[in-house]
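As a plain string of letters, each chain reads:
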2 protein chains.
Amino acid sequence: MLRSVTVTEVGPRDGLQLIAKPVSTEAKIAWIKALHAAGLRDIEVGSFVSPRLVPQMADSAAVVAQALRIEGLKVYALAANLKGAMAAYEAGAHIIVIPLSASDRHSRANVNKGTLEHIAAIGDIIEWLRAQPRPVRIDCVTASAFGCSVAGTVPLGDVVAAAKALALAGADRITLADTVGHAHPALVRDTVRAVQDAVGPLLQKLHLHDTMGLGLANALMGLQEGIREFDACMGGLGGCPFAPGASGNIVTEDLVFMLESMGFATHVDLPALLAARAAIAPHLPAQALRGGVPVAGIPSTYQPASGCMH
Amino acid sequence: MLRSVTVTEVGPRDGLQLIAKPVSTEAKIAWIKALHAAGLRDIEVGSFVSPRLVPQMADSAAVVAQALRIEGLKVYALAANLKGAMAAYEAGAHIIVIPLSASDRHSRANVNKGTLEHIAAIGDIIEWLRAQPRPVRIDCVTASAFGCSVAGTVPLGDVVAAAKALALAGADRITLADTVGHAHPALVRDTVRAVQDAVGPLLQKLHLHDTMGLGLANALMGLQEGIREFDACMGGLGGCPFAPGASGNIVTEDLVFMLESMGFATHVDLPALLAARAAIAPHLPAQALRGGVPVAGIPSTYQPASGCMH
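Just so it is clear, the model here is predicted, and its values are computed rather than measured.

Between its terminal C-alpha atoms helix α8 (residues 185-199) of chain A stretches 21 Å, which fits the 21 Å expected from 15 residues at 1.5 Å a residue. P185(A), A186(A), V188(A), T191(A), V192(A), A194(A), V195(A), A198(A) and V199(A) are the residues of α8(A) that are buried. Buried residues belonging to α8(A) abut α7 (156-168), β6 (173-177), β7 (203-207) and α9 (215-224) of chain A together with α9 (215-224) and α10 (252-261) of chain B. Positive phi appears at G200(A), one or two residues downstream of α8(A), with a value of about 60°.

Put into structure tokens, the structure is as follows:
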């Protein structure tokens, strides 16, 4: 069993997208550099979506361009449609993240297309990206994979069908996202197994929210089912503007503490990660950053699997 | 595998003990009644310890007496020494909870006795209780079973030895407590297995804190290792006055949501449990009650294993 786990920090994208007060490109880059200094090598830095709907992401091309100068950093950018994917490609993103909602009603609310129609559009996006001279990795996300604030339950068959369709459309990797944070460990286990049966090792990652306080329990179950990549947000930032009631992502600091304590190397240095909070905290509303480890401090007994890196 | 789980609400004891402003006996009883109305049948209502050290618990005899009138309620009370156990017995508690720290240094800080000396004292307490006409259940707690704020790491051998000594002293049941909240799932798994090997089914319960945000992940691991009883505090109240840095217990509301969603019947009605917060919230500092489910609300898709009880 693989004893290393990739943590992708999605704070600069999922974490900031709902923050009303604009965060400058400079502040975003300073934060991304601090995250990189803590050992994070996978960071979702922005999204190419309508600046009218998500003004905080309007500078994503500049953020991607500057993030590309950070040595060894894999630069992820989200794109919701072909125009966005073209812009993400032009900006130079290494990995383009494309979401598809497994909930037809959530899909219509989010991108004004039903799930099936959206899969066809994603097929066109992938075809366009594959035709470009620079190779990019295409990570497709099955959103609302564990429930939907609009439709409620999302049948497991719909989640499997969406993941399978993304595989057939040519995704390099598939992520299952608990967009509204209604997942529980048994549902994570059942869904991961069913999607693994359908798409095999293409299923690589879970994107979990902590809405009900179950985020790390769900991550633990994913880990037990063989998942070795997780999205997370520093301080548990984040949410979905189109999923009312959804609160933040799982807390990167606490996730790293759990994984490292359990013997899974993330190559993230926890003290440096806590220090990186200072790079973004002044730009956020008070109390926006939460977390267990950041508040309580790292116990003296902490023995990270990655060893001491500094 | 047993598909029901007992959740013991320890808020009136562990939750309130650190609250500086006195909560009246009347308010405590109103809260206990509301918790009972939500289906909780196991409630730790107070402790018989020095009223100088823990003034909030000074009315525990009155609380126990009134709690005994609530039909079907199992009334738990904590006692740290013989004098306290005598008072708990005289008050009429059904279950007397006796803690022992597996960390010698924590034990000295807490009760001015090393672990070994304290085991001898607990033997005397159990002997006294067994000699009384009314039978009581004696739940012994191995505290600092997953680390200690004073000593740091607590060797697994010390935890096993403490649990074994409690078994030999005549405990009816043994609980492992993460007093400072430094546990992680792999440590929970290893410790539960080692203690099960030593004392078998006497190990019944985990008492977990959420200091690092890992509380429910630790509970999930316990569940997977066969544990079917958990302590929890409404709103994640609680902490240990002698363990600096320790934050609250796992959140009862979120634990019930997780267990019921996973198919484990707790016989706790979640809407009624959320309503019970109103009975205690006015008596607590602002923001004292936290939790995922209480803030986000119960998802429309919630399907409790216990079924609808109202």
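That was the structure; now back to the text.
Attention now goes to the interface of chain A and chain B. Contact with chain A, which involves 28 residues of that partner, is made by 28 residues of chain B. Approximately 2200 Å² of surface area, both sides summed, lies buried where chain A meets chain B, with 75% of it carried by carbon and sulfur atoms. On the chain A side of the interface with chain B, the three residues burying the most area are M212(A), M262(A) and T301(A), jointly 21% of the side's total. Our count for the contact surface shared by chain A and chain B stands at three residue pairs in polar contact (both at pLDDT 80 or more). At the level of elements, α8, α9, α10 (252-261) and α12 (293-296) of chain A are the ones that each hand at least two residues to the side of chain A that touches chain B.

Time to look at helix α3 (residues 60-67) of chain A. All names here are of chain A. If you check which residues of α3 are buried, you get S60, V63, V64 and A67. All buried residues of α3 fall inside an arc of 100° around its axis, so they share one side. Elements that come into contact with the buried residues of α3 comprise α2 (25-37), β2 (42-48), β3 (74-79) and α4 (82-91).

Looking now at unusual backbone geometry. With phi around 65°, N112(A) is a residue other than glycine that occupies positive phi space. Assignment of secondary structure puts N112(A) in the loop between α5 (104-111) and α6 (115-130).

We now examine the side chain of T191(B). Mapped onto the fold, T191(B) is located in helix α8 (residues 185-199). Sequence-distant contacts of T191(B), defined by excluding residues within four places in its chain, comprise A145(B), F146(B), L156(B), V159(B) and L176(B).

Below, the discussion takes up the environment of G291(B). Residue and element names in this part refer to chain B. In this fold, G291 is placed in the loop between α11 (270-280) and α12 (293-296). On a C-alpha basis, the gap between G291 and A131 in space is 43 Å, while along the polypeptide they are 160 residues apart. With near-sequence residues (within four places) excluded, G291 lies in contact with V251 and D254.

This part is about the pairing of strand β4 (residues 95-101) of chain A. Residues and elements named next belong to chain A. Burial analysis of β4 places six of its seven residues in the buried class, which makes it a mostly covered element. Pairing geometry for β3 and β4, over three bridges, is parallel. Note that in β4 the partner of A77 across the bridge is I96. Each parallel crossover has a hand, and for β3 linked through α4 to β4 it is right-handed.

Moving on to the relation of the copies chain A and chain B. Superposition record for chain A on chain B: RMSD 0.0 Å, screw rotation 180°, translation along axis 0.0 Å. Interpreted geometrically, this transformation is the action of a two-fold axis. Closest approach to the rotation axis among the C-alpha atoms of chain A is made by A217(A), whose C-alpha sits 1.9 Å away. Take the interface residues of chain A: 100% of them recur as interface residues in chain B, which is what a same-surface contact looks like.

On to the packing of α9(A) against α10(A), then. Residue and element names in this part refer to chain A. Viewed as axis vectors pointing N to C, α9 and α10 meet at an angle of 40°, and their least axial separation amounts to 11 Å. Viewed along their axes, α9 and α10 adopt a mutual orientation that is oblique. Seen along the crossing, α9 lies across α10 with a hand that is right-handed. Residues L216, A219, L220 and L223 of α9 lie in contact with α10, whose contacting residues are D254, L255, M258 and L259. Partitioning the contact of α9 with α10 into residue classes produces seven nonpolar, no polar and one charged.

Glancing now at the environment of P271(B). Tracing the chain through its elements places P271(B) in helix α11. The spacing of P271(B) and P294(B) is 23 residues in sequence and 9.4 Å in space, taken between C-alpha atoms.

Turning to the packing of α5(A) against α6(A), a few remarks are in order. All names here are of chain A. At their nearest, the axes of α5 and α6 sit 8 Å apart, and the two run at 60° to each other. Judged by the inter-axis angle, α5 sits oblique to α6. In this structure, α5 uses D104, S107 and V111 to contact α6, whose residues at the interface are T115, L116 and H118. Its residues assigned to classes, the contact of α5 with α6 comprises two nonpolar, three polar and one charged.

Our focus in this paragraph is the layout of surface pockets. There is about 1400 Å³ of room inside the largest pocket. What lines the largest pocket is a set of 50 residues, among which D210(A), R290(A), G291(A), R290(B) and G291(B) lie closest to the centre. Mapped by element, the contributors of at least two residues to the lining of the largest pocket are α12 of chain A together with α9 and α12 of chain B. The class makeup of the residues in the lining of the largest pocket is 20 nonpolar, 24 polar and six charged.

The next subject is the pairing of β7(A). All names here are of chain A. Burial runs high along β7: four of the five residues are buried. This β-α-β element, β6 to α8 to β7, shows right-handed connectivity. Relative to strand β8 (residues 229-232), β7 is paired through three bridges, and the arrangement is parallel. Counterpart to K205 in the pairing with β8 is E229. Regarding topology, α9 serves as the crossover connection from β7 to the parallel β8, and that connection is right-handed.

Calculation criteria
Residues numbered from 1 in each chain as written. Chains lettered and ligands numbered in written order. Predicted model: local features only at pLDDT ≥ 70, side-chain atom pairs only at ≥ 80, totals over all residues. Heavy atoms only, no water. Helix = DSSP H or I, 4+ residues; strand = E, 2+ residues; numbered from the N terminus. Expected span 1.5 Å × (residues − 1). Buried < 20%, exposed > 50% of the residue type's maximum accessible area, 1.4 Å probe, protein only. Contact = heavy atoms within 4.5 Å. Buried area = accessible area lost by both parts, 1.4 Å probe. Polar contact = N/O pair within 3.5 Å; in protein donor to acceptor, adjacent residues only side chain to side chain. Arc of directions from axis to C-beta. Pairing = 2+ DSSP bridges. Right-handed = clockwise from strand over helix to strand, strands pointing away. Least-squares fit on C-alpha atoms with pLDDT ≥ 70 in both. Axes fitted to C-alpha atoms, helices over the stretch in contact; angles between N-to-C directions. Parallel < 35°, antiparallel > 145°, perpendicular 65-115°, else oblique. Left-handed = near helix turned anticlockwise from the far one by under 90°. Nonpolar A, V, L, I, M, F, W, Y, C, P; charged D, E, K, R; others polar. 1 Å grid on protein atoms, 1.4 Å probe; cavity = no way out; pocket = protein on both sides within 12 Å on 5 of 7 lines; lining within 4 Å. Points joined across faces, edges and corners; volume = space filled by probe spheres on them.

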